[in-house]
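One letter stands for each residue in the lines below.
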Amino acid sequence: MGKQTAALLLAAFLLVSCSNTDGNSSNAAKETDNQPTAATTTAPDTAATIATTPPAGQASPLPSADSAGTETAPAATPSPAAGTEPASVTVPVEGSTASAEVPLLYHMNKNYDIIPNDEGTEKKVVLLTFDDGPKEAALINSMMDTLDKHKAKAIFFVNGYRVKEHPELMKLIHERGGILGNHSWDHIVLKDKPYAEVKKQIEDVQTTVKEITGEAPQFFRPPHGAGGDVSKKVAAENGLLYMTWSVGSLDWEMKETDTNKTDKLIENITSQLHAGSNILMHELPWTAEALDKLLTTLEGKGYSFVDPRSIELKMR
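Residues numbered from 1 in each chain as written. Predicted model: local features only at pLDDT ≥ 70, side-chain atom pairs only at ≥ 80, totals over all residues. Heavy atoms only, no water.

1. Examining the confidence of the model for the protein chain
This prediction gives the protein chain a mean pLDDT of 79; 68% of its residues lie at or above 70. Low pLDDT, under 50, characterises residues 14-99; the predicted model gives this stretch 45 contacts beyond four residues in sequence or across chains. (pLDDT = per-residue confidence, 0-100. Contact = heavy atoms within 4.5 Å.)

Right under this line is the structure:
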């Protein structure tokens, strides 16, 4: 009986030991199952990034806790390069000569006059323009000195062949604050030319000016005021405001030997003067000489000088 009892007690002890070992293994397995694997750590982060990345203009959400109480990483806030600038910042349009600090206050009508967009905007303004450059540094500097004196801006409509010959002169206009306009490459009558030729005449100037200054012109004036429908079409395709003029100085009809050119030029302009006048002049010695007196005369009549960059690029 003693030996049998000892054998039974030993068997019972062994059974209890095996039962405890199995229970410990099961608990260890459950603890292991509660630990995320590398795969389950990575996938939720990726999903969270997709799900929590905000639409443009919205703030990125704060970090959130998952069901296991583990903080998930917040989605990265998009940088300005991703197109989420703050609302207070204006993004400039590529190739534009307009500054964010210059509001669009005016538009051009079918008579090529400058018209205020709102009733409260000054109506008694003129647009100053000069064609057929760039020619000479002395002329450019003289004209720019006068414009600066009167705090005036002007469009300088340049020809491509002249720019090719003297790119430094066009850079001078640009660096001194002149607004560059497109006056075609060769200064030829465009209205009867085929589309392909007109396109080349206009777009070659666009390309060349942008290569030199970093900015493409936004205004186009056809040589001799004769552009036709094809020029208007090509100008529109290139985002250019097409214009001729509403007041001509007739400086192009004057000669070096003529007398009283300054008085004649001023009389030619003031006899046609009206609110919104789009004044055509040229890069000529007598125009440069007359410019200070002309601008003083216009100011004396109550006119101010519109900044070309404040004009919308669509006629209406």
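2. Regarding the packing of aromatic side chains
For the structure on display, the rule yields four aromatic pairs. Between the aromatic rings of Phe220 and Tyr242, the centroid separation amounts to 5.9 Å while the plane-to-plane angle is 50 degrees, which identifies the pairing as tilted. Of the two residues, Phe220 is situated in strand β6 (residues 219-220) and Tyr242 in strand β7 (residues 241-242); the sequence distance between them amounts to 22 residues. Here the two residues Phe220 and Tyr242 agree in accessibility, since each one is buried. Through pairs of rings, three or more aromatic residues link up here, namely Tyr112, Phe220 and Tyr242. (Phe/Tyr/Trp six-rings, centres within 6.5 Å; stacked < 30°, edge-to-face > 60°. Helix = DSSP H or I, 4+ residues; strand = E, 2+ residues; numbered from the N terminus. Buried < 20%, exposed > 50% of the residue type's maximum accessible area, 1.4 Å probe, protein only.)

3. Observations concerning the pattern of salt bridges
Scanning all chains against the criterion turns up ten salt bridges. Between Glu237 and Lys233 there is a salt bridge, with the nearest N and O atoms lying 3.3 Å from each other. Of this pair, Glu237 and Lys233 both sit in helix α7 (residues 228-237), separated by four residues, roughly a single helical turn. Lys233 gets classed as partly exposed once you look at its relative accessible area, which sits at 46%. Through salt bridges that share partners, Asp145, Asp148 and Arg176 make up one connected network. (Salt bridge = Lys/Arg side-chain N within 4 Å of Asp/Glu carboxyl O.)

4. Let's talk about the pairing of strand β9 (residues 277-282)
Within β9, six of the six residues are buried, which leaves the element mostly enclosed by the surrounding structure. Across the two faces of β9 the burial is the same, with Ser277, Ile279 and Met281 and Asn278, Leu280 and His282 all buried. Across two bridges, strand β8 (residues 247-248) lies against β9 in parallel orientation. Among the inter-strand pairings, Gly248 is bridged to a residue of β9, identified as Leu280. In this region the chain leaves β8, passes through helix α8 (residues 261-270) and returns to the parallel neighbour β9; the handedness of that crossover is right-handed. (Pairing = 2+ DSSP bridges. Right-handed = clockwise from strand over helix to strand, strands pointing away.)

5. Thoughts on the environment of Asp251
Tracing the backbone shows Asp251 in the loop between β8 and α8. Spatially, the C-alpha atoms of Asp251 and Lys264 are 8.7 Å apart, while their sequence positions differ by 13 residues. At 2.7 Å, the side chain of Asp251 and the backbone nitrogen of His282 are in polar contact. Here Thr287 takes part through its side chain, which lies 2.8 Å from a polar atom of the side chain of Asp251. (Polar contact = N/O pair within 3.5 Å; in protein donor to acceptor, adjacent residues only side chain to side chain.)

6. Considering helix α5 (residues 167-175)
Buried within α5 we find Leu169, Met170, Leu172 and Ile173. Axial view of α5: buried residues confined to an arc of 150 degrees, hence all on one face. Downstream of α5 by a residue or two, Gly177 has a phi angle that is positive, lying close to 95 degrees. (Arc of directions from axis to C-beta.)

7. Re the pairing of strand β3 (residues 125-133)
Counting buried positions along β3 yields nine of nine residues, so the element is predominantly enclosed. Pairing of β3 with strand β10 (residues 304-305) involves two bridges; the strand directions are parallel. What sits directly across from Val125, in β10, is Ser304. The pairing of β3 with β9 spans six bridges and is classified as parallel. Following the sheet pairing, Leu128 is matched in β9 by Ile279. Relative to strand β4 (residues 154-158), β3 runs parallel, the two being bridged by five bridges. Considered in β4, the bridge of Thr129 is made with Ile155. In this region the chain leaves β3, passes through helix α3 (residues 137-149) and returns to the parallel neighbour β4; the handedness of that crossover is right-handed.

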